[in-house]
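Inside the fold
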Amino acid sequence: MLKQISIFLPNQPGVLAKFTKILMDKQINMRAITVAETADYGILRIVVDKTDKAVEILKKENYLLSLTDVIAVNIPDKPGALHEIAEFLGNNNVNIEYIYSSTFLKGEAIVVLRVDDNEKAMKTFKDKGVKLVESKDLY
Amino acid sequence: MTIFWNKKAETMPRDELEKLQGEKLRKLARYVYDNVEFYHKKFDELGIKPDDIKTVDDIKKLPLTYKTDLRDHYPFNLNAVPLDQIVRVHASSGTTGKPTVVSYTQKDIEDWTEIMCRTVMAPGITHKDVIQNAYGYGLFTGGLGFHYGAEKVGATVIPISGGNTERQLMIMQDFGSTVLTCTPSYALYIAEYAKKQGIDVSKLALKKAICGAEPWSDSLRKTIEKTLQIDAYDIYGLSEIYGPGVSVECEEKNGMHIWEDYFIVEILDKETYEPLTEGEEGVLAFTTLEKTGMPLLRYITYDVSKFTKEKCACGRTCGRMSKVTGRADDMLIVRGINVFPSQIEHALMQIPGVAGYYQIIIDRDIIDSLEVQVELTPDTFSDKMKVLEKFKQDIELKLYNILQVRANVDLIGPGTLPRTEGKAKHVIDKRSKNI
C-alpha cells in the first residue's frame, strides 16, 4: 500500500502554483496527482517520493491535509489492461472510490486506486498475480 | 377620489381618534394585568395599577416589551387566554433555534382581516382586482395575512405563494393578474425574468404591486415601476403585531398609514428607548389595542423609522410612518425572511465538527443570496469528495430547517477567516449599496 496525501485547496487562481513551488523548493517529486473540484474548493491528491517530509513541510505551511492508504498497481500499457483490474475488484465486490493514473514506464502504467476495502483489494490482486507498486518503487 | 374600506375609522378627526385610543388603552391595561402573568408582574415592579392608565399619554408609564420576552415565554406563555380560545398560530424567526410564536383568537383574526381590508384598498385596489399573492403561505404571516383581507374586499385571490417564477409569469399572463404582492426584490426578479423570457410587460394586465417584508428604497420603487410598468406601494407589518397590514402606503406614496385605532405607535430612542417627539428618527414600538390572544404593550420592533400625524392628501387622518431605513439590532432580512446571526451560530454549533469560525455573507443580485463560510478542520476534512459534500449539505439542511431560507455553505480551509482579539465580524452585508 502507498500513502496518498490529500490537500484541501480553495478553487482560486494561484493556489496550485503556491503549492507546487513549496514542493519544488524542497525537492519533492510527485509520482501521481489528481484533483477533484467543486465551484468553491478542490481536493488535491498526490503520491510523492518523500511522503513524511512532504507532510511535515505542508503542515508547517498550514495546509489542511490527510493521509490515505491507496493501492497502486502496475499494468501493461495496452487496451483492456484497466478493464481487467476493474473487473477483478468488481467481481470481488470491492468499490473503487476514485482512480487516477501515473507515470508510464517501459510500456507499463501505474494506476492509483482508492477503494473501500484495501485488504480485500490487495488479496484479489495477489491472487490474480497483479503487480503492486511499493513505496520503495517511488524513489 | 380616494376609496376606503372603513371611511369612518380611517378619517376620524384626530382628537376623537386619540380619545378612542385612550379608552382602548385603559381597557387593555386592565386586560393584560388580569390575564397575562408577565405584565401583571411588570406592573407590580413598576408600581403601577391598571387604573393609573387614563389617556393615551399614559402609555409612557407602561412597561416596554422586548423580543427576548417573547423568547423567554415561548411558545404560549404570553397568551392572555387558554389555548382552546386560540384559533391560529404563526411564527417568525427567533434569535436562537426557537421561533417567535404569536397566537390569535377568532377576534384577532377578524381584526387583522379588518385592517388588512383597509390595507388592500388604500393603494386603490378593489373587488374588481385579481390579486396574485406571492407572499409565502405557512407559519410566515405574509401569505395568509394578505389573503384574508384581499378575499374579504372581494378581489379574486390567487394564493400562489412565493417562488417558481416561470409559473408566476404563466399565471400572471393567463389569469390576468392586476395586482402582485411580494417582496420588492422578488417583484424585480419577476420583471427581469419576464424580460429574459421575452414577455412584453406592457401586454400584462398588471397595474399595481404591494411590496413589503423587507426594506426598500424609493429608487428601487422607481426601478420596479419602470420595468413592470406599474405602481408599487410599500406595506409594513410584523408577526408579533398580527403580520402584514400594520401600515401601508395610500395612492399618495408618501408614508405608510398606521391604523391607529388598532395600535399606538411610538418612536423611541435607539439606545435609551425613551420616547422621541414627532418627526424624529428612532425605533418603532407598537401597543396592540385590540388583540386578545397575545396583546403586547410597547413592543420594540427594532425597525428604524419616523412618524408623522400630519393629515394626508388622501383624507386619512391616521398617522404615517416613513419607509424603514434600518434596524437597531443585528437582524438581517434575507428574501423577506428575518434572520438573526445568532440563529445561524446556534445551528452551526449543533453540527459536530463545525469549528467556531464562520462568516455570513449576504449579497444581492436582484434577489438576496446568503452564503455561510465554514472552516474545515482536520477532523472534518476527507480525501473523498462525497464526504465533504455530505458535510456541506448537512449544514445547509440544518440552516434551512432553522432559518427557513436557503443558505449556500462554502467550505474553507482552517485559518482562512481573520482571527481577531475582539468581537469577530461574523456578518458581511454587501447589499447596502444596492438597496
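Residues numbered from 1 in each chain as written. Chains lettered and ligands numbered in written order. Predicted model: local features only at pLDDT ≥ 70, side-chain atom pairs only at ≥ 80, totals over all residues.

**A short note on the environment of Gln393(B)**
Filter applied, for reference: What counts as a helix is a DSSP run of H or I of at least four residues, what counts as a strand is a run of E of at least two, and both are numbered from the N terminus.
Looking at where Gln393(B) falls in the secondary structure, it is placed in helix 11 (residues 385-403). Counting along the chain gives 323 residues from Gln393(B) to Leu70(B), while the straight-line C-alpha distance between them is 31 Å.

**Structural notes on unusual backbone geometry**
All names here are of chain B. In the segment running from Tyr-74 into Pro-75, the intervening peptide bond is cis, with an omega of -10°. In this fold, Pro-75 is placed in the loop between helix 4 (67-72) and strand 1 (86-92). For Ser-161, which is not glycine, the phi dihedral falls at a positive 65°. Looking at where Ser-161 falls in the secondary structure, it is placed in the loop between strand 4 (156-158) and helix 7 (165-175). The phi torsion at Gln-229 lies on the positive side, around 55°, for a residue other than glycine.

**A closer look at the domain arrangement of chain B**
Residues and elements named next belong to chain B. Spelled out, the test is: Segmentation into domains, and thus their bounds, comes from an automatic or database assignment. Polarity classes work like this: nonpolar for Ala, Val, Leu, Ile, Met, Phe, Trp, Tyr, Cys and Pro, charged for Asp, Glu, Lys and Arg, and polar for all others, with Gly in that last group.
Domain annotation of chain B identifies domain 1 (7-329) and domain 2 (337-433). By residue number, the principal contributor to the side of domain 1 that touches domain 2 is helix 8 (residues 184-196), which donates five residues. Residues belonging to the side of domain 1 that touches domain 2 are distributed by class as follows: three nonpolar, seven polar and one charged.

**Here we look at the sheet that holds strand 21 (residues 427-429) of chain B**
Residues and elements named next belong to chain B. To be explicit about the condition: When DSSP finds two or more bridges between two strands, those strands count as paired. A fitted line through C-alpha atoms represents every axis, and for helices the fit uses only the stretch in contact; the resulting angles, taken between N-to-C directions, go from 0 to 180 degrees. We call two residues in contact when the distance between their C-beta atoms, placed using the backbone, is within 7 Å.
One open sheet accounts for four strands, arranged 20-19-18-21; its pairing is mixed. Pairing within the sheet leaves two strands with one partner each, and these edge strands are strand 20 (408-412) and strand 21. Each neighbouring strand pair of the sheet contributes to a mean axis angle of 20°, computed without reference to strand direction. Across the sheet, helix 10 (residues 341-349) is in contact with strand 18 (358-365), strand 19 (367-375) and strand 21; its angle to strand 18 comes to roughly 130°. On the sheet, helix 11 packs against strand 19 and strand 20 and is oriented at approximately 140° with respect to strand 20.

**Some remarks on the sheet that holds strand 10 (residues 263-268) of chain B**
Residues and elements named next belong to chain B. Overall, antiparallel pairing links the four strands, which are arranged 10-11-12-15 in an open sheet. Strands at the two margins of the open sheet, each flanked by one partner only, are strand 10 and strand 15 (326-327). Here four bridges tie strand 11 (residues 282-288) to strand 12 (residues 299-305), and the two strands are oriented antiparallel to one another. Among the inter-strand pairings, Phe-286 is bridged to a residue of strand 12, identified as Tyr-299.

**Notes on the domain arrangement of chain A**
Residues and elements named next belong to chain A. Domain annotation for chain A reports domain 1 (2-68) and domain 2 (70-133). Just the C-alpha atoms count here: the centres of domain 1 and domain 2 sit 23 Å apart. Opposite the seven residues of domain 1 that make contact, domain 2 presents nine residues. Counting residues per element, the ones that place at least two in the side of domain 1 that touches domain 2 are strand 1 (2-10) and strand 2 (30-37). The dominant element in the side of domain 1 that touches domain 2, judged by the number of residues it contributes, is strand 2, at three residues. Per-class residue counts for the side of domain 1 that touches domain 2 are three nonpolar, three polar and one charged.

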